[in-house]
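Geometric and topological summary
Now for the letters of each chain:
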Amino acid sequence: MPMICKNCGTEIADKALICYRCGAATFEARRQPATLNERSWGSLLSFIALVVLALAALFLGQVSGGEVRPEISYTIAVLAVIVLIWRMWQRRRRGPRRR
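All values derive from a computational prediction rather than experimental measurement. (Residues numbered from 1 in each chain as written. Predicted model: local features only at pLDDT ≥ 70, side-chain atom pairs only at ≥ 80, totals over all residues. Heavy atoms only, no water.)

Focus on the overall build of the chain
Looking only at helices and strands, the chain features two helices and two strands. Order of helices (α) and strands (β) in the chain, N terminus to C terminus: β-β-α-α. Every one of the 99 residues in the chain was classed for burial, and the buried ones make up 14%. Counting contacts in the chain only where the partners sit at least 6 residues apart, residues at least 24 apart contribute 25% of the total. Of the roughly 9,200 Å² of accessible surface on the chain, 62% is carried by carbon and sulfur atoms. (Helix = DSSP H or I, 4+ residues; strand = E, 2+ residues; numbered from the N terminus. Buried < 20%, exposed > 50% of the residue type's maximum accessible area, 1.4 Å probe, protein only. Contact = heavy atoms within 4.5 Å. Areas by Shrake-Rupley, 256 points an atom, 1.4 Å probe, with all protein chains shown as cover.)

Here's the deal with the environment of Phe59
Inspection of the secondary structure assignment puts Phe59 in helix H1 (residues 38–62). Here the alpha-carbon distance between Phe59 and Ile72, two residues 13 residues apart in the chain, equals 9.8 Å.

Digging into the state of the cysteines
Following the criterion strictly, the structure yields zero disulfides and no others. Of all cysteine sulfurs in the structure, the one in Cys8 sits closest to Cys19, which takes part in no disulfide; the separation is 3.7 Å. Of all cysteine sulfurs, the one in Cys5 lies closest to Cys22, which takes part in no disulfide; the gap is 3.7 Å. (Disulfide = S-S within 2.5 Å.)

What follows is the structure, given as structure tokens:
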């Protein structure tokens, strides 16, 4: 005995998993796919970036007597700018916070 698709009304085979015409499933899924929590990854990466910047600042503070090579100063400045831009992009992508 043929089934009728709940989505488009087409007659389909009794044991069909999906409708051949519209592609709708003929049954409810038993399990849902796991969702990735982007917020936890973003928080972890932000924490790592802040630790790297803090260590760089400590290094600059430890340099005694002489001048710090410009490459080190520029690298730290570029890392700080990259972290700031990345955080701004993340907040803009998420949209306004709801409280």
